[in-house]
Structure formats: structure tokens, C-alpha cells
Amino acid sequence: IVVAPPFTAIHAVAEAARDRGAKVTVVEKSREFLGKVKISGGGRCNVTHACFDPREFVTRFPRGERELIGPFQRFGARDTVEWFEARGVKLKTESDGRMFPVTDSSQTIIDCLVNAAKHAGVKLVTNHGVASASQLFADHDRVLLATGGCRTEAAGKLAVSLGHTIEPPVPSLFSFHIEASW
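Residues numbered from 1 in each chain as written. Predicted model: local features only at pLDDT ≥ 70, side-chain atom pairs only at ≥ 80, totals over all residues. Heavy atoms only, no water.

1. Examining the overall build of the protein chain
The secondary structure content of the protein chain amounts to eight helices and seven strands. Per-residue burial for the protein chain yields a buried fraction of 36% across its 182 residues. The long-range fraction of contacts in the protein chain, counting pairs at least 24 apart against all pairs at least 6 apart in sequence, stands at 70%. A total of about 11,400 Å² of accessible surface is found on the protein chain, and carbon and sulfur atoms cover 53% of it. (Helix = DSSP H or I, 4+ residues; strand = E, 2+ residues; numbered from the N terminus. Buried < 20%, exposed > 50% of the residue type's maximum accessible area, 1.4 Å probe, protein only. Contact = heavy atoms within 4.5 Å. Areas by Shrake-Rupley, 256 points an atom, 1.4 Å probe, with all protein chains shown as cover.)

2. Let's talk about the packing of aromatic side chains
Here the distance between the centres and the angle between the planes together describe a pair of aromatic rings. Within this structure, the stated rule accounts for two aromatic pairs. For the pair phenylalanine 57 and phenylalanine 72, a centre-to-centre distance of 4.7 Å together with 70° between the ring planes defines the contact as edge-to-face. Linking phenylalanine 57 in helix 3 (residues 54–58) with phenylalanine 72 in helix 4 (residues 65–74), this pair joins segments that are 15 residues apart in sequence. Overall, phenylalanine 72 belongs to the buried group, its relative accessible area being 19%. Taking 5.0 Å as the distance between ring centres and 85° as the angle between the ring planes, the aromatic pair formed by tryptophan 83 and phenylalanine 84 counts as edge-to-face. Look at tryptophan 83 and you get buried, because its relative accessible area is 10%. The exposure class assigned to phenylalanine 84 is buried, which follows from its relative accessible area of 2%. When the ring centre of phenylalanine 100 is taken as origin, the NZ or CZ atom of arginine 44, which lies over that ring, is 3.7 Å away. (Phe/Tyr/Trp six-rings, centres within 6.5 Å; stacked < 30°, edge-to-face > 60°. Lys NZ or Arg CZ within 6 Å of the ring centre and 35° of its normal.)

3. Some words on the packing of helix 2 (residues 35–43) against helix 6 (residues 106–119)
At a minimum axis separation of 8 Å, helix 2 and helix 6 run at an interaxial angle of 150°. With respect to their mutual orientation, helix 2 and helix 6 come out roughly antiparallel. As for how helix 2 packs across helix 6, the hand of that crossing is right-handed. When helix 2 is examined against helix 6, the residues Val37, Lys38 and Gly43 are found in contact with a partner set consisting of Ser106, Gln107, Ile109 and Ile110. Split into classes, the residues belonging to the contact of helix 2 with helix 6 amount to three nonpolar, three polar and one charged. (Axes fitted to C-alpha atoms, helices over the stretch in contact; angles between N-to-C directions. Parallel < 35°, antiparallel > 145°, perpendicular 65-115°, else oblique. Left-handed = near helix turned anticlockwise from the far one by under 90°. Nonpolar A, V, L, I, M, F, W, Y, C, P; charged D, E, K, R; others polar.)

4. Section: the sheet that holds strand 5 (residues 98–101)
With respect to topology, three strands assemble into an open sheet ordered 3-5-4, the strand pairing being antiparallel. Strands at the two margins of the open sheet, each flanked by one partner only, are strand 3 (48–49) and strand 4 (91–93). (Pairing = 2+ DSSP bridges.)

5. Section: unusual backbone geometry
Glycine aside, the phi torsion of most residues is negative, and most peptide linkages are trans. A positive phi angle, near 70°, is found at cysteine 45, a position not held by glycine. Here cysteine 45 is to be found in the loop between helix 2 and strand 3. Classification of cysteine 45 as buried rests on a relative accessible area of 2%.

6. Observations regarding the environment of threonine 80
Along the polypeptide, threonine 80 turns up in helix 5 (residues 77–86). Here the alpha-carbon distance between threonine 80 and leucine 91, two residues eleven residues apart in the chain, equals 10.0 Å. Setting aside residues up to four positions removed in sequence, threonine 80 forms contacts with Val47, Thr48 and Phe75.

7. Considering the confidence of the model for the protein chain
Taken as a whole, the protein chain shows an average pLDDT of 80; of its residues, 77% reach a score of 70 or greater. Note on residues 1–7: pLDDT is under 50 here. Beyond four places in sequence and across chains, it has 39 contacts. (pLDDT = per-residue confidence, 0-100.)

Written out as C-alpha cells, the structure reads:
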């Protein structure tokens, strides 16, 4: 079971369901999945960046470079592009390196992710908030809690009830640095 489906969580659970035969449920409190994806990039969804060298890519983040190199070597921007293109979603690169779907519509990305999850047998549940850990374990042995941050006290309490520690947030509106001639 996954609580709150951020962009990569739907991909991850779809792969787990398909490759491992896991029974997977994604729970979303709102009426639609991927609401933030819908508005990202001005409604076009900035999917990734055309920087395909993980060592160069991590230098564009203001902190966490050392911690990010491993994950970006295992699953980087090129993998993201290939994953979407294998599912019929073509991406384009803009002059500043940002990559968007050629449709210029975030709905293309949302549909792709949701369809991949459904195709893998993932049960998608909307309009259902989770208030306690006991709700999570009712029908599942394992839980992946992906809250996208603890913007509400309830999300933090849920994480703590599962044995997690909440780290104080670091203010950052957008943490990717791009060189600009201006």
C-alpha cells in the first residue's frame, strides 16, 4: 500500500506489482491522482532534464550531492526518458535543457503513470485519507509511506507512528540550478 502517490511512487509501485506479483494499493486523499503533476511546469509537466551524466547532474543541486549520486546512477534522466518513450510518450528538450511531453500537456504524463499502474494490477483508491497505521496494515504486509513531505500534522503523526523520525524541513522553492547567460 502506498499513501499519497508522488510522481515516482506510481512508477515504483507499478514495477513492484508487475515484477514481484505484489498486491499493491495506492491511496490518495483527494479526488484525483497526481494533482501537483497536473499544474507543474505551467500545466506542461517538466518531466526531467536533459543532463544525462549523473556526476554532472548532482552538481546542479544545492545540497545532497554525495547522497544523490548513487540513486541518479541507478535511475537517471535517461532512464526516465526511456521509460516514458517505451509507453508511447515522447519527450522534447527545450533550449534550457528542461524536458516536457511533446503534447505540452501534463495530462499526458498523468495518463501514462496511471495507466502503467492499472496495467500492473495496482488498485487505485481516491477520496480516501489514512489516519492511522492500523488502516494501512489491514490488508497489506508492507507499507510504503510516500507523503511528499509532511505538510500536515496528520501526515507527520502517521510517519512517526510507523517508527520514522521527522527531520525539520529546509526552505527551498526549487533546488535545481541551471547556468543562465543573463
